[in-house]
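Close look at the chain arrangement
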Amino acid sequence: MPGSKIRPVDRLAQAVAKCGTESTAYGKCIAKDFNNVYKDKCLAEFQVLQSCVLKHMGKK
Amino acid sequence: MLSAGLRFQARHRPVHGVRLQFIIAKPSCLRHRRNLAIATNTEPGGSSPPNVRIGSAGSFQVFDRRVKGLQRDRAAKNAEESRKVDYLRDEVANRLVERLYDINRSYEHVLDLGAGACHLARALHRPCTGLEPFASRIKHLTSTELSSKLLYRDSDSDIIPSKSPMELTRLAQDEETVLLAPPSQGGLFESNTFDAVISCGSLHWINDLPSVLSGISRVLKPDSPFLCAMFGGDTLYELRTSLQLAGMDRLGGVSPHVSPLADVRDMGGLLQRAGYKLITIDIDDIIVDYENVFALIKDLQAMGEANTVLGRRKSLAGLSKDVLIGLEGIYKELHGRAEDGGSGGEAGIPATFRIIYMIGWKEGTGQQKPLKRGSGEVNLKDILGEQSRLG
């Protein structure tokens, strides 16, 4: 039955929601100059965000 | 922005681990006057999507119709979730029914093309302030829909009240092909069958719009209207741009996640090319607030509106995990509404749905026609005076 198990994407959503500050920092970095985005432009910010998300996903 | 849209909110509350509790502005008929624009209206910006090439008979494929059917089947299988996301198409159907009231007619036989879960049939039975439900003016409604699971999600008694004067027939048929051929060539409907054709929120998945539009014109009786509401233009532009930026940064390029959509001026041209007369087009923006971008994507999925652009990424459910992680921050930063107080300090995100409403008439005798060029006998300048000069 759907609903009895949390879908992986929901776990991801919950984890991202817990990393508000990191998420905002990454968003700010991209939005700062959004006409000129290239690969790994905001790598540092993303790595911080990613490790936060992974941490919260691991706890579940 | 061209039209002033209505804003209603969909709030997600984490009840029992699942979400969802929608507070939707109560649909009331004839509540908002629309910005009317005639077919010649041009809208700034926007690019011509590839699915509106004129005169190409099915040669250009943008969407995977088979997958679209599967997505709708899957969405409808979870009927409870599917009903929770009816809010958008129900609202669009209600607004389309308002436009039906503008035409002072009764109809014997009406076709609903791309019915979804019979949103239109339901909307026809909603009472309108001071007016009878529109269903009293329709004898027979035929609803066609690509996905039979979605079409038959609800039983007849859930859709129409038992005393309804309107008969409902449901046909699981692909709206892209059902009208193309007459019965002599294996089709379903004779030419000149319907007193009106209505399509509500499904034409944006059609590959070959010109053929479908002329198919509709074929089954219409002369001097009968075609009414349509379709998602177009800037629909989901927030999601589109955020996904592009996230894709650029994480993957170094963009892939199509949000469909190319027809623009207002595209539709005007297409209707004209398909031979419709007295064309009226107007647009409405519906802005829905979501808790976060995952809630938006989940709702789109539950509507069966997930991506089916051919050439989309197929691995990892289409979206890479890195892109998903980064998406939320970008969306909130670029489009979030926390600062302007739009959602009362809650850091929700808005999603715009731009709906193009169209009315076109099949040519018939006794229909109003524009006068011949140069046949005017009154000089407009005399009536309007000198002030009429612009500038």
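None of these values were measured; they are calculated from a predicted model.

1. A few points about the overall build of chain B
- If you tally the helices and strands in chain B, you get 12 helices and 10 strands.
- Relative to its 391 residues, chain B shows a buried fraction of 46%.
- If you take every contact in chain B between residues at least 6 apart in sequence, the share linking residues at least 24 apart comes to 83%.

2. Some remarks on the overall build of chain A
- Helices and strands together make up the secondary structure of chain A, namely 3 helices and 0 strands.
- Ordered by position from N to C terminus, the α and β elements of chain A give α-α-α.
- Here chain A has a C-alpha radius of gyration of 14 Å; the compact-globule value for 60 residues is 10 Å, and the former is much larger.
- Along the three orthogonal principal directions, the C-alpha set of chain A runs to about 45 × 20 × 15 Å.

3. A word on the interface of chain A and chain B
- Taken residue by residue, the interface counts 26 residues in chain A and 18 residues in chain B.
- Looking at which element gives the most residues to the side of chain A that touches chain B, the answer is helix H2 (residues 20-32) of chain A, with 7 residues.
- Considered class by class, the residues forming the side of chain A that touches chain B number 17 nonpolar, 5 polar and 4 charged.

4. So, H2(A)
Residues and elements named next belong to chain A.
- Its 13 residues place the ends of H2 18 Å apart at the C-alpha level, agreeing with the 18 Å of an ideal helix rising 1.5 Å per residue.
- Of the residues making up H2, those classed as buried are Glu22, Ser23, Tyr26, Gly27, Cys29 and Ile30. Taken around the axis of H2, the buried residues stretch over an arc of 160°, which confines them to a single face. With respect to the buried face of H2, the exposed residues turned more than 90 degrees away are Thr21 and Lys32.

5. Digging into the packing of helix H7 (residues 209-219) of chain B against helix H9 (residues 264-273) of chain B
Residues and elements named next belong to chain B.
- Contact geometry of H7 with H9 gives a least axis separation of 9 Å together with a crossing angle of 50°. Taken together, the axis directions place H7 and H9 in an arrangement best described as oblique. Viewed along their axes, H7 and H9 form a crossing whose handedness is right-handed. Here Leu209, Pro210 and Leu213 of H7 lie close against H9, whose contacting residues are Leu270, Leu271 and Arg273.
- Broken down by class, the residue content of the contact of H7 with H9 amounts to 5 nonpolar, no polar and 1 charged.

6. Some details on the environment of B:Ser136
- Turning to its location among the elements, B:Ser136 is positioned in the loop between helix H4 (119-124) and strand E5 (138-145).
- Counting along the chain gives 29 residues from B:Ser136 to B:Pro165, while the straight-line C-alpha distance between them is 5.8 Å.

7. Description of the nonpolar core
Residue and element names in this part refer to chain B.
- Among the nonpolar cores identified, the biggest contains 107 residues, and Leu96, Leu120, Leu124, Val197, Ile216, Ile355 and Ile356 are the most heavily contacted of them.
- Looking at this core element by element, the count peaks at 9 residues for strand E10 (residues 349-361).
- Ignoring any residue separated from it by four or fewer positions in sequence, one finds Leu120 in contact with Ala93, Asp112, Ala115, Ile198 and Cys200.

8. Observations concerning the packing of helix H8 (residues 237-251) of chain B against helix H11 (residues 321-335) of chain B
Residues and elements named next belong to chain B.
- Two numbers describe how H8 lies on H11: the axes approach to 8 Å, and their chain directions differ by 130°. By the angle between their directions, the pair H8 and H11 is classed as oblique. Crossing angle aside, the handedness with which H8 passes H11 is right-handed. Judged by residue contacts, Glu238, Thr241, Ser242, Leu243, Leu245, Ala246, Gly247, Asp249, Arg250 and Leu251 of H8 engage Asp322, Val323, Gly326, Leu327, Ile330, Tyr331, Leu334 and His335 from H11.

9. Brief notes about the confidence of the model for chain B
All names here are of chain B.
- Across chain B, the average pLDDT comes to 81, with 79% of residues at or above 70.
- Note on residues 1-58: pLDDT is under 50 here. Beyond four places in sequence and across chains, it has 108 contacts.
- pLDDT under 50 marks residues 340-345. Its contacts with residues more than four places away, or in other chains, come to 6 contacts.

10. Structural notes on the environment of B:Ser184
- Locating B:Ser184 in the fold gives a position in the loop between strand E6 (167-172) and strand E7 (196-200).
- Sequence separation between B:Ser184 and B:Cys200 is 16 residues, and the spatial gap between their C-alpha atoms is 28 Å.

11. A word on the pairing of strand E8 (residues 225-231) of chain B
Residue and element names in this part refer to chain B.
- Burial within E8 is extensive, with 7 of its 7 residues counted as buried.
- Both faces of E8 are covered, namely the face carrying Pro225, Leu227, Ala229 and Phe231 and the face carrying Phe226, Cys228 and Met230.
- Two elements, E7 and E8, share 4 bridges in a ladder whose sense is parallel. Bridge pairing links Val197 to Phe226 in E8.
- Once the chain exits E7 it traverses H7 before rejoining the sheet at E8, and the crossover so formed is right-handed.
- Note: E8 against E10, 7 bridges, orientation antiparallel. Pairing of Phe226 across the sheet is with Gly360, part of E10.

Parameters and conventions
Residues numbered from 1 in each chain as written. Chains lettered and ligands numbered in written order. Predicted model: local features only at pLDDT ≥ 70, side-chain atom pairs only at ≥ 80, totals over all residues. Helix = DSSP H or I, 4+ residues; strand = E, 2+ residues; numbered from the N terminus. Buried ≥ 20, exposed ≤ 12 C-beta atoms within 10 Å, placed from the backbone. Contact = placed C-beta atoms within 7 Å. Rg over C-alpha atoms; globule rule 2.2 N^0.38 Å. Nonpolar A, V, L, I, M, F, W, Y, C, P; charged D, E, K, R; others polar. Expected span 1.5 Å × (residues − 1). Arc of directions from axis to C-beta. Axes fitted to C-alpha atoms, helices over the stretch in contact; angles between N-to-C directions. Parallel < 35°, antiparallel > 145°, perpendicular 65-115°, else oblique. Left-handed = near helix turned anticlockwise from the far one by under 90°. Core = buried A, V, L, I, M, F, W, Y, C linked by C-beta atoms within 7 Å. pLDDT = per-residue confidence, 0-100. Pairing = 2+ DSSP bridges. Right-handed = clockwise from strand over helix to strand, strands pointing away.

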